[in-house]
Amino acid sequence: MFSKVAILSVFVSLVAGAALDVWAPPITSPTAASVWPIGSTQNVTWDTSNKPAQVTNPNGLLVLSKDGLLDDGRSNPLAANFPLTQGWVLVTVPEVTPGNDYAVVLIGDSGNDSPQFSIIA
Ligand SMILES: *[C@@H]1O[C@H](CO)[C@@H](O)[C@H](O)[C@H]1NC(C)=O
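Since this is a predicted model, take the numbers as computed values, not measurements.

1. Overview of the pairing of strand 3 (residues 41–46)
Pairing between strand 1 (residues 27–29) and strand 3: 2 bridges, direction antiparallel. Counted as the bridge partner of I27 is W46 from strand 3. Where strand 3 lies against strand 7 (residues 88–92), 5 bridges are found, and the strand directions are antiparallel. Considered in strand 7, the bridge of N43 is made with L90.

2. Focus: the site of the ligand
The environment of the ligand is formed by N43, T45, W88 and L90. Taken together, the residues of the shell around the ligand break down into 2 nonpolar, 2 polar and no charged.

3. Quick notes on unusual backbone geometry
With an omega of 10°, the peptide bond running from S29 to P30 counts as cis. By the element assignment, P30 lies in the loop between strand 1 and strand 2 (35–37). At D67, a residue that is not glycine, the phi angle is positive and equals roughly 55°. Within the secondary structure, D67 sits in the loop between strand 4 (59–66) and strand 5 (69–70). You will see that N81, though not glycine, has its phi angle at about 60°, which is positive. Residue position: N81 is located in strand 6 (residues 79–83).

About the criteria used
Residues numbered from 1 in each chain as written. Predicted model: local features only at pLDDT ≥ 70, side-chain atom pairs only at ≥ 80, totals over all residues. Pairing = 2+ DSSP bridges. Helix = DSSP H or I, 4+ residues; strand = E, 2+ residues; numbered from the N terminus. Near = placed C-beta within 6 Å. Nonpolar A, V, L, I, M, F, W, Y, C, P; charged D, E, K, R; others polar.

Written out as structure tokens, the structure reads:
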């Protein structure tokens, strides 16, 4: 609990003190129209055009969420340790319950999520 509070306050002071360096690039794929078959390879892309000169945390982490909740949490991400500045990363769609309320959350400097899309069997 203490560490959570500490992390939050560091984050808040980072945002307050250095807003220019916190970058949450908008995800451009998947979109609300995307349909991902389980087991397929998908190219997740985001817009790097508004990248600040200095990116505080250049290592990306991509996590699946379902109905607004992180599905497997950060222990089982779709992709990890890829360069945030690259603007895309390939992922393999995991074996999950099919649904139309999935989203991907891109975590690096800051968090940003895609629109909800579908995963089918
Ligand atoms: C993924 O999409 C991006 C942006 O369209 C493209 O530059 C990149 O080459 C694609 N990657 C693969 C492996 O298809």
